[in-house]
Amino acid sequence: NSRTASLLSQLEKINLDSVLGESDNARYVTSRILHLVQSQEKTRKEITSKGSTGIEIILSTLEVKSYHFGGYGFVTVLHFIIIECGGRRASVLVTKGGTRILLQLLLTASKDTPPNEELMVLLHTLLAKIGPKDKKIGVKARVNGALNISLNLVKQNLQNHRLILPCLQVLRVYSTNSVNAVSLGKNGVVELMFKIIGPFSKRNTSLMKVALDTLAALLKSKTNARRAVDRGYVQVLLTIYVDWHRHDSRHRYMLIRKGVLQCIKSVTNIKLGRKAFINANGMKILYNTSQECLAVRTLDPLVNTSSLIMRKCFPKNRLPLPTIKSAFHFQLPVIPASGPVAQLYNLPPDVDDVVDESDDNDDAETETEIETEIDDDKDEHFKNDDIETDINKLKPRQELGRSKEELKMYEHFFPELSENFQEWDLVSKEPKPFAPDANLSGPIVVPTASEE
């Protein structure tokens, strides 16, 4: 009986009507709904409340009618409800099938020449907001053919920061899917990200942060990581990090500096990345910058991430280590004149004696990475293989110096370890077995020598 319900009822009738002359009426209804949504909290709650069909009617209109048919106004309505109001409304839109409809609308709107910039901004902002709520958004975008639309918009509007910011946010959501990351990498998205990020600048820091987050997600793919290493981007990332470290004296842009470290962390997941990091003097750079960050507690995330990268990239050696690489010196009592141990002791200090074979089957893994989506989030969190988590293995094993038979000669010195203590029954004048669950509330009487 409310005004909102009446407008939604009119809109539902318009959806069923195939007469093109109803477009003016649809635009009028759209403008009225938008006005009520923007001015009244009651209307927003009524449209998104449990059991309401308001969101379904709006999405049905976007799906059935062309976006020229008042679609821009409905996208504005959804944008205001989701972005301005937030909360659970994003999840409601996902459950009603809004992701698929918005992707179809994005694909239709992209065919215009030139595309409607305002509509593109609204659609990408909506997709970026509901993307984390929809785990299958990457697959839906690829199936609908909308995967490269955002990428092409960024390529064509590098100077239009208002447009490319929501596009990068959507690309960040898409890149969580490994197959999408490989596909986008083939279309030059890695090179494009390095055109956006750059040296220290206080302008467009929000764009810089989103671009770094997107690049870090893309570099989790081994294919994209190898592409970045081949083009020398590891050295570029280190240079950018040092530049931000030197100029950010008040530590206002810690998230951007952490974003650069996340990119380095992703690219060093492969052997080529670790080698390029060492060759670019990355160990010394991260060590020196971490030393300067120790005095500031708010920079602990930078120190922790730098430590993970350095531990991952530091050359590994077998024990015993007679070189300066190790903090401990394990000297064998007897060293054979020949053999692998003697060869190890004769190696120069700067030689890494452990061969890193972690990425030798990269080609096969690349094909699997493209063809399957089973391990989409296998690189979500970096795991330290050198940290033992099994409690049983961490406990030291205590072995007896003598056998139990040899220790029996000392039993009479410790009778409490072997004697069977018994309670004396005063009625029968006989000992009875000790029962731990017995009622011991009364006094325990110990017999004297005369009673025995």
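Here is what the cut-offs are and how they apply
- Residues numbered from 1 in each chain as written.
- Predicted model: local features only at pLDDT ≥ 70, side-chain atom pairs only at ≥ 80, totals over all residues.
- Heavy atoms only, no water.
- Helix = DSSP H or I, 4+ residues; strand = E, 2+ residues; numbered from the N terminus.
- Buried < 20%, exposed > 50% of the residue type's maximum accessible area, 1.4 Å probe, protein only.
- Contact = heavy atoms within 4.5 Å.
- Areas by Shrake-Rupley, 256 points an atom, 1.4 Å probe, with all protein chains shown as cover.
- Salt bridge = Lys/Arg side-chain N within 4 Å of Asp/Glu carboxyl O.
- Polar contact = N/O pair within 3.5 Å; in protein donor to acceptor, adjacent residues only side chain to side chain.
- Core = buried A, V, L, I, M, F, W, Y, C linked by side-chain atoms within 4.5 Å.
- Expected span 1.5 Å × (residues − 1).
- Axes fitted to C-alpha atoms, helices over the stretch in contact; angles between N-to-C directions.
- Parallel < 35°, antiparallel > 145°, perpendicular 65-115°, else oblique.
- Left-handed = near helix turned anticlockwise from the far one by under 90°.
- Nonpolar A, V, L, I, M, F, W, Y, C, P; charged D, E, K, R; others polar.
- pLDDT = per-residue confidence, 0-100.
- Patch = residues over 30% accessible without salt bridge, like charges linked within 9 Å, V, L, I, M, F, W, Y side chains within 5 Å.
- Phe/Tyr/Trp six-rings, centres within 6.5 Å; stacked < 30°, edge-to-face > 60°.

For the chain, an unreviewed UniProt entry supplies the name CBPC1 carboxypeptidase and the organism Poecile atricapillus.

Looking at the overall build of the chain
Each helix and strand in the chain was counted, giving 24 helices and two strands. Split into buried and exposed, the 452 residues of the chain put 41% on the buried side. A sequence separation of at least 24 residues applies to 72% of the contacts in the chain between residues at least 6 apart. Counting only carbon and sulfur atoms, one obtains 53% of the accessible surface of the chain, whose full area is about 26,600 Å².

Structural notes on the pattern of salt bridges
Applying the stated criterion to the full structure yields eight salt bridges. Between Lys140 and Asp134 there is a salt bridge, and its shortest N-O distance comes to 2.8 Å. Using a relative accessible area of 29% as the deciding quantity, one classes Lys140 as partly exposed. Of the charged contacts, one joins Arg172 and Asp213 as a salt bridge, the two residues approaching to 3.4 Å between their closest N and O atoms. Of the two residues, Arg172 sits in helix α11 (residues 161–174) while Asp213 sits in helix α14 (residues 205–218), which places them 41 residues apart along the sequence. What makes Asp213 partly exposed here is its relative accessible area of 21%. Taken together, the shared-partner salt bridges in this structure form one network comprising Glu117, Glu118 and Arg162.

Things to note about helix α12 (residues 178–186)
Within α12, seven of the nine residues are buried, leaving the element largely enclosed by the surrounding structure. Those residues of α12 that sit buried are Ser178, Val179, Asn180, Ala181, Val182, Leu184 and Gly185. By the N-cap criterion, in which a side-chain oxygen at the helix start approaches the backbone nitrogen of a residue two or three places on, α12 is capped by Asn177, the distance to Val179 being 3.0 Å. Of the residues flanking the end of α12, it is Gly188, one or two places downstream, whose phi is positive at about 85°.

Some points on the nonpolar core
Counting 109 residues, the largest nonpolar core has Ile33, Leu168, Tyr174, Ile197, Leu215 and Phe277 as its most contacted members. When residues in this core are grouped by element, the largest group, nine residues, is from helix α8 (residues 117–130). Aside from chain neighbours lying at most four places away, what touches Ile197 is Met208, Ala211, Leu212, Leu215, Leu237 and Ile240.

Re the environment of Leu7
By secondary structure assignment, the location of Leu7 is in helix α1 (residues 3–16). Judged by relative accessible area, Leu7 falls into the buried class, the value being 7%. Separated by 22 residues in sequence, Leu7 and Val29 place their C-alpha atoms 6.3 Å apart. When sequence neighbours within four positions are dropped, the list of residues in contact with Leu7 reads Val29, Arg32, Ile33 and Leu36.

Focus on the environment of Ala128
Here Ala128 lies in helix α8. C-alpha separation for the pair Ala128 and Arg172, spaced 44 residues apart in sequence, amounts to 8.5 Å. Excluding residues within four positions of it along the chain, Ala128 makes contact with Gln169, Val170 and Val173.

Focus on unusual backbone geometry
Note that the residue after Thr113, namely Pro114, is joined by a cis bond; omega there is -10°. Its place among the elements puts Pro114 in the loop between α7 (98–109) and α8. Here His251, not a glycine, exhibits a phi torsion of approximately 60°, which is positive. Topologically, His251 is positioned in the loop between α16 (233–247) and α17 (254–267). Given a relative accessible area of 30%, His251 falls into the partly exposed group.

Focus: the side chain of Ser266
Relative to the elements of secondary structure, Ser266 occurs in helix α17. Beyond its immediate stretch of four places on either side in the chain, Ser266 contacts Ala216, Leu219 and Lys220.

So, α7
With twelve residues, α7 ought to run about 16 Å at 1.5 Å a step, and its terminal C-alpha atoms sit 16 Å apart, in line with that. Among all positions of α7, only Gly98, Thr99, Ile101, Leu102, Leu103, Leu105, Leu106 and Ala109 are buried.

Here's the deal with the packing of α11 against α14
As a packed pair, α11 and α14 sit with axes 9 Å apart at the nearest point and diverge in direction by 25°. Taken as axis vectors, α11 and α14 run roughly parallel relative to one another. Classified by chirality, the crossing of α14 by α11 is left-handed. Judged by residue contacts, His161, Ile164, Leu165, Leu168, Gln169, Leu171 and Arg172 of α11 engage Ser206, Leu207, Val210, Ala211, Asp213 and Thr214 from α14. Of the residues contributing to the contact of α11 with α14, the split by class is seven nonpolar, four polar and two charged.

As for the confidence of the model for the chain
The pLDDT averaged across the chain works out to 78; a share of 70% of its residues lies at or above 70. The model gives residues 363–367 a pLDDT under 50, and that stretch makes three contacts with residues more than four places away or in other chains. When the criterion is pLDDT under 50, residues 437–444 qualifies, and its contacts beyond four places in sequence or with other chains add up to two contacts.

Observations regarding a nonpolar patch on the surface
A cluster of nonpolar side chains, namely Leu407, Met409, Tyr410, Phe413, Phe414 and Leu417, defines an oily patch on the protein surface of about 650 Å² accessible area. Locating Phe413 in the fold gives a position in the loop between α24 (404–407) and β1 (423–425).

Observations regarding the packing of aromatic side chains
For the structure shown, the criterion picks out four aromatic pairs. Each ring, one from Phe194 and one from Tyr233, has its centre 3.9 Å from the other, and the planes form 15°; the classification is stacked. With Phe194 in helix α13 (residues 189–196) and Tyr233 in helix α16, this pair connects stretches of sequence that are 39 residues apart. For Phe194, a relative accessible area of 12% puts it in the buried group.

With respect to the packing of helix α18 (residues 271–279) against helix α20 (residues 300–313)
Put simply, α18 and α20 touch, their axes get as near as 10 Å, and they point 105° apart. Judged on the interaxial angle alone, α20 and α18 are roughly perpendicular. Mapping the contact onto sequence places Arg274, Phe277 and Ile278 in α18 and Ile309, Lys312 and Cys313 in α20. Its residues assigned to classes, the contact of α18 with α20 shows four nonpolar, no polar and two charged.

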